[in-house]
Amino acid sequence: MSYFKTAILLAGLTGLFMGVGYLIGGAGGAMIALVIAAATNLFAYWNSDRMVLSMYGAHEVDRSTAPDLYNLVAELAGRAGLPMPRVFLMDEAQPNAFATGRNPQNAAVAVTTGLMHSLSREELAGVIAHELAHIKNHDTLLMTITATIAGAVSMVAQFGMFFGGNRDSNNGLGVIGSIAMMILAPLGAMLVQMAISRTREYAADDLGARIVGQPMWLASALAKIANAAHQVPNMEAERNPATAHMFIINPLSGHGVDNLFTTHPSTENRIAALQQLAAEMGARVGTASAGAGSNTPRRGPWGRPSTSRGPWG
């Protein structure tokens, strides 16, 4: 059902694309827009990771250049049953992260230097697990294609400003309709984009928390990132707002925007859901511990007995 809904949303974006093309060039314009939409989807499928990573100036790291980050991703990927994704760093002060790639075998996880500097290792684990959940749920391809088409819809709509739309009487809209479409098409694309993002953020929070084994690590990280995102601007994201939904927290610095027009669920609601999950997981662990007896050592989130040093050894 989730993929069916996503297919409908992507079809809606393509329909908007064709509508803009129709207003600009009639039936021929609609067909051209359909071809462009198909080509955009195909390009995004094969190049989504390189396109977005290059946009944000991300550079790949490995065990020798960033051992702590790389080893953390490797350990969590193993827990999630995923192939090892490529790991990237973005030289960006705003703490944030995203995942991209057309499938789990060709995935990448990118984090900012601001994220590395502002989070504890436990909180970073929660963020990485969230991004791995997007990969495991096959969200990365869908989110990147949506960003690509949403940006293309907005771009094509702007052409109506220069061409004045299709003025023949066949479509009954003329210049007024074209102007309306220039406003409504990007708005519609944004709404579809947000619908995909909100649904999938909750799912990735839940699965990510289960991967790492500690929902409150992610909850703490979300609170820190959300607070910093409103204070530290991400200029590349401001120039490419169609990619905002890919990040774990909306990187855009707009203030006073109604909740309807944000690309993510409210951080407070996400934290509340994680707190509820933590209570449920704690209750299950407590019940299992009581049944096992007091001689059974309590195990840490990595599957080994818990020690005073914590899960990072």
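Because the structure is a prediction, the values reported are computed rather than measured.

A. Local environment of the packing of helix α2 (residues 67–80) against helix α4 (residues 121–136). Their axes nearest at 10 Å, the elements α2 and α4 cross at an angle of 50°. When the interaxial angle is binned, α2 and α4 end up oblique. The way α2 lies across α4 gives a crossing that is right-handed. In this structure, α2 uses Asp68, Leu69, Leu72, Val73, Leu76, Ala77 and Ala80 to contact α4, whose residues at the interface are Arg121, Leu124, Ala125, Ile128, Ala129, Leu132 and Lys136. Classifying every residue of the contact of α2 with α4 by side-chain character gives 11 nonpolar, no polar and three charged.

B. Just the pattern of salt bridges, in detail. Per the counting criterion, the structure on display carries eight salt bridges. Among the ionic pairs, aspartate 206 bridges to arginine 210, the shortest N-O distance being 2.8 Å. Taken together, the residues aspartate 206 and arginine 210, both in helix α6 (residues 174–212) and four residues apart, mark about one turn of the helix. With a relative accessible area of 32%, aspartate 206 lands in the partly exposed category. The class for arginine 210 is partly exposed, based on a relative accessible area of 39%. Shared partners join several salt bridges into a network, and the residues in it are Glu201, Asp205 and Arg270.

C. Focus on the confidence of the model for the chain. Here the chain averages 77 in pLDDT, while 65% of its residues score no lower than 70. Between the elements of the chain, mean pLDDT differs from a low of 65, seen in helix α5 (residues 139–163), to a high of 98, seen in strand β2 (residues 86–90). Taken together, the stretch residues 165–172 has pLDDT below 50 and engages in 15 contacts with residues farther than four places along the chain or on a different chain. Every residue in residues 256–261 is under pLDDT 50, and counting partners more than four places away or in other chains gives seven contacts.

D. Representation of unusual backbone geometry in the model. Backbone geometry places histidine 138, a non-glycine residue, at a positive phi of 60°. The exposure class assigned to histidine 138 is partly exposed, which follows from its relative accessible area of 37%.

Criteria and cut-off values
Residues numbered from 1 in each chain as written. Predicted model: local features only at pLDDT ≥ 70, side-chain atom pairs only at ≥ 80, totals over all residues. Heavy atoms only, no water. Axes fitted to C-alpha atoms, helices over the stretch in contact; angles between N-to-C directions. Helix = DSSP H or I, 4+ residues; strand = E, 2+ residues; numbered from the N terminus. Parallel < 35°, antiparallel > 145°, perpendicular 65-115°, else oblique. Left-handed = near helix turned anticlockwise from the far one by under 90°. Contact = heavy atoms within 4.5 Å. Nonpolar A, V, L, I, M, F, W, Y, C, P; charged D, E, K, R; others polar. Salt bridge = Lys/Arg side-chain N within 4 Å of Asp/Glu carboxyl O. Buried < 20%, exposed > 50% of the residue type's maximum accessible area, 1.4 Å probe, protein only. pLDDT = per-residue confidence, 0-100.

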